[in-house]
Amino acid sequence: ALFGQIDTYVSTGTTCVSCGINRGTEILSASSKPGKFMILTSDGEANRCRTSNCTILQAKDEAINEAALAWAAGVKVHTILLEDASTDPVTMQRIAQEGRGKYYTATPENLSTVMKLIFESEIMSSIQNVASDIGSDGDIEFSQSGILTQNTINFTSELVSLIGNCTPVNGV
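Q: Can you tell me about the packing of helix α3 (residues 56–72) against helix α4 (residues 89–98), naming the residues and giving the values?
A: Closest axis-to-axis distance for the α3/α4 pair is 7 Å, and the angle between their directions is 20 degrees. Overall, the two elements α3 and α4 adopt an arrangement that is roughly parallel. The way α3 lies across α4 gives a crossing that is right-handed. The segment α3 lies against α4, with Lys60, Asp61, Ala63, Ile64, Ala67, Ala68 and Trp71 engaging Thr91, Arg94, Ile95 and Glu98. Residues that form the contact of α3 with α4 fall into these classes: 6 nonpolar, 1 polar and 4 charged.

Set out below in structure tokens:
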């Protein structure tokens, strides 16, 4: 269902970054679990506002403000700037700063590596009794002994599976 919706997306050159941050905050705020975070992946070109027409400067300010509101709601906002000729690193850096997350840059070739860094950082900082790289095979995984269960998740295979299922639209 999700991939079907993603596959129908057509880029129009307009992005309401604040809409995405706001919606992500709504979804994550519904959970009582700690360690909530979102990853904003964009060229940083915020050029639409949530409620009405606005200037590009207003759209950028609104996105930065939404990141601050996300943090106030207990949601960290990491940003990944997808590098190309028309990127806006300043807005993406400020969104990460206000959302108390980290700012990263990526290309299509290293996007999965950057995502892995974020997930490793978040998981390792919020879970106790963790063993990583089980079996010393280079895969990023963790095992956590809980009160009732033992959970082991291999993030390398999970991420490869997730990314492998994405279908580019119009070459993007």
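Having seen the structure, we can now continue with the description.
Q: Lay out the pattern of salt bridges in plain terms, naming residues and giving numbers.
A: Per the stated rule, a full pass over the model turns up 4 salt bridges. With a shortest N-O distance of 3.0 Å, Arg23 and Glu26 are connected by a salt bridge. Highlighted residues: Arg23 and Glu26, both in helix α2 (residues 17–29), separated by 3 residues, approximately one helical turn. Its relative accessible area of 47% is what places Arg23 among the partly exposed residues. For Glu26, a relative accessible area of 44% puts it in the partly exposed group.

Q: With reference to specific residues and values, describe the state of the cysteines.
A: All chains considered together, the criterion is met by 2 disulfides. Disulfide partner of Cys16: Cys19, at an S-S distance of 2.0 Å. Taking the sign of the S-S torsion, 70 degrees for the link of Cys16 and Cys19, the bridge is right-handed. Here Cys49 connects covalently by a disulfide to Cys54, the sulfurs 2.0 Å from one another. When the S-S torsion is 100 degrees, as for the bridge of Cys49 with Cys54, the disulfide is right-handed. On the basis of relative accessibility, which here comes to 24%, the residue Cys54 falls in the partly exposed class. Each disulfide of the protein joins two cysteines, and with those cysteines numbered along the sequence the arrangement is 1-2, 3-4.

Q: Explain α4 to me, and be specific about the residues and the numbers.
A: Counting along an α-helix, one turn takes 3.6 residues, and residues three or four places apart therefore face a common direction. Along α4, the positions that sit buried rather than exposed are Thr91, Met92, Ile95 and Ala96. Relative to the axis of α4, the buried residues are bounded by an arc of 135 degrees and lie together on one face. Buried residues belonging to α4 abut α2, β1 (36–42), α3, β2 (75–82) and β3 (100–106). Immediately downstream of α4, the backbone of Arg100 shows phi near 55 degrees, a positive value.

Q: With reference to specific residues and values, describe the sheet that holds β3.
A: Strand order in this open sheet of 3 strands is β1-β2-β3, and the pairing throughout is parallel. Among the strands making up the open sheet, the edge pair consists of β1 and β3. On average, adjacent strands in this sheet sit at an angle of 20 degrees to one another, irrespective of strand direction. Across 5 bridges, the pairing between β2 and β3 is parallel. Within β3, the residue paired with Leu82 across the bridge is Ala106. Its contacts with the sheet put α2 on β1 and β2, and the angle it makes with β1 is roughly 160 degrees.

The rules behind each value
Residues numbered from 1 in each chain as written. Predicted model: local features only at pLDDT ≥ 70, side-chain atom pairs only at ≥ 80, totals over all residues. Heavy atoms only, no water. Axes fitted to C-alpha atoms, helices over the stretch in contact; angles between N-to-C directions. Helix = DSSP H or I, 4+ residues; strand = E, 2+ residues; numbered from the N terminus. Parallel < 35°, antiparallel > 145°, perpendicular 65-115°, else oblique. Left-handed = near helix turned anticlockwise from the far one by under 90°. Contact = heavy atoms within 4.5 Å. Nonpolar A, V, L, I, M, F, W, Y, C, P; charged D, E, K, R; others polar. Salt bridge = Lys/Arg side-chain N within 4 Å of Asp/Glu carboxyl O. Buried < 20%, exposed > 50% of the residue type's maximum accessible area, 1.4 Å probe, protein only. Disulfide = S-S within 2.5 Å. Arc of directions from axis to C-beta. Pairing = 2+ DSSP bridges.

Remember, this is a structural readout, not a statement about activity or role.
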